[in-house]
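# Descriptive structure summary
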Amino acid sequence: MTPSLSDLRAFILDMDGVLYAGAMPLPGAQAFVAHLQATGTPFLFLTNNSSRTPEQYAAKLAAMGIAVSPQRIFTSALATAQWLQTVAPVGARVLLIGELGIQQALAERGFQLTTEYQQADYVVVGYDSQFTYAKARAAALAIQRGAPLIATNTDASLPSEEGEIPGAGAIVAMLETATGRKARAIGKPEPGIFLQALARLGSSAAHTAIVGDRYETDIVGGHRAGLKTIGVLCGVTSAERFAAADPPADWVYADLAALLAAWKESPSTQGETESKCPS
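Throughout what follows, the structure given in this document is the object of discussion.

Thresholds, definitions, all that
- Residues numbered from 1 in each chain as written.
- Predicted model: local features only at pLDDT ≥ 70, side-chain atom pairs only at ≥ 80, totals over all residues.
- Heavy atoms only, no water.
- Helix = DSSP H or I, 4+ residues; strand = E, 2+ residues; numbered from the N terminus.
- Buried < 20%, exposed > 50% of the residue type's maximum accessible area, 1.4 Å probe, protein only.
- Contact = heavy atoms within 4.5 Å.
- Polar contact = N/O pair within 3.5 Å; in protein donor to acceptor, adjacent residues only side chain to side chain.
- Axes fitted to C-alpha atoms, helices over the stretch in contact; angles between N-to-C directions.
- Parallel < 35°, antiparallel > 145°, perpendicular 65-115°, else oblique.
- Nonpolar A, V, L, I, M, F, W, Y, C, P; charged D, E, K, R; others polar.
- Pairing = 2+ DSSP bridges.
- Phe/Tyr/Trp six-rings, centres within 6.5 Å; stacked < 30°, edge-to-face > 60°.
- Lys NZ or Arg CZ within 6 Å of the ring centre and 35° of its normal.

Attention now moves to the environment of Glu 164. Along the chain, the position of Glu 164 falls in strand β11 (residues 164–166). In this structure Glu 164 comes out as partly exposed when scored by relative accessible area, which is 45%. Once the C-alpha coordinates of Glu 164 and Val 236 are considered, the two residues, 72 residues apart in sequence, prove to be 8.6 Å apart. The residues touching Glu 164, leaving out its near neighbours within four places in the chain, are Ser 157, Leu 158, Pro 159, Arg 214 and Val 236. Of the polar contacts made by the side chain of Glu 164, one reaches the side chain of Ser 157; its length is 2.6 Å.

Take a look at the structure:
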């Protein structure tokens, strides 16, 4: 059966390449979020970028005219800390390559951060704009001593106003090459992060769509988790790539403005949903 936009009751939206590029909002971002809020449609922003805290992301969005609470933002940092808590002992020591978002997420779950490779129980890697050889050296030595390598995500790049720049996956690949060990990835396209997002929303996969610009993470991960999938062309993946993809996205639109227009035209989208978390 061909899916219909009218069947959707909740949305999970990627951020980079969907809502904004760098510090610039993308077409339709403010209007789409405002429509979700006005209709009481449950939604969550989901990003593989672990560098910022939810509060920092909320402030960034507010500067673009998109006012949401930090509770609406779920990052690979939060997903990684939540997952690690299920496998690691209380107070485990983590050698971290990453910025404030993952630092705070791990600390809030009771993990101890260390820079000493001899003390590390785990190595966690996220995006780090201050990445150095010294950090790579310490992480590699800890991994060689037996510390599991955990990646918040394996995105090789991320969009910026100037173009694509190296992402967490580039650092992860370096450490995998240096140590011969494979990282355990937590972020998209792993289905676990989508299932965590669904639990936060209180929605079912069958009636929830992931909206993303990167086929290999957003769309593939959405399929793996059983969600409906919506690709947008204002980020990384081209129209040609979406057209050739297998499995394909359920829908592809130029941007959130085009998606909003199509969603408004579909029947029975008004007044049927109730928000499960604050705007």
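Next comes the rest of the account.
Contact geometry of helix α7 (residues 191–201) with helix α8 (residues 215–225) gives a least axis separation of 8 Å together with a crossing angle of 70°. Classed by the angle they form, the pair α7 and α8 counts as roughly perpendicular. For the pair α7 and α8, contact is made by Pro 191, Phe 194 and Leu 195 and by Thr 217, Asp 218, Gly 221, Gly 222, Arg 224 and Ala 225, respectively. Grouping the amino acids of the contact of α7 with α8 by side-chain chemistry returns 4 nonpolar, 3 polar and 2 charged.

Right, let's talk about the pairing of strand β4 (residues 43–47) for a bit. Most of β4 is tucked away: 5 of the 5 residues are buried. Neither face of β4 is exposed, since Phe 43, Phe 45 and Thr 47 on one face and Leu 44 and Leu 46 on the opposite face are all buried. The pairing of strand β1 (residues 10–13) with β4 spans 3 bridges and is parallel. Each residue of the ladder has a partner; that of Leu 13, found in β4, is Phe 45.

Before going further, it helps to examine the side chain of Ser 266. Position of Ser 266 relative to the elements: it lies in the segment after α10 (256–265). With relative accessibility at 12%, the residue Ser 266 sits in the buried group. Here Trp 263 takes part through its backbone oxygen, which lies 2.6 Å from a polar atom of the side chain of Ser 266. In contact with Ser 266, not counting residues within four places along its chain, are Leu 5 and Ser 6.

What follows covers the environment of Leu 19. As for its position among the elements, Leu 19 is in the loop between β1 and β2 (20–21). The spatial distance from the C-alpha of Leu 19 to the C-alpha of Ser 76 is 17 Å, given a sequence separation of 57 residues. When residues no more than four places from it in sequence are discounted, the contact partners of Leu 19 are Asp 14, Met 24, Pro 25, Leu 26, Ala 29, Val 33, Phe 45, Leu 61 and Leu 256.

Enumeration over the complete set of coordinates arrives at 5 aromatic pairs. Consider the rings of Phe 43 and Phe 45, whose centres lie 5.5 Å apart with planes at 50°: the pair is tilted. Of the two residues examined, Phe 43 and Phe 45, each falls in the buried class. Put simply, the rings of Phe 11, Phe 32 and Trp 263 touch in pairs and so form one group of aromatic residues. Positioned above the aromatic ring of Phe 43 is the side chain of Arg 72, whose terminal nitrogen or guanidinium carbon lies 3.9 Å from the ring centre.

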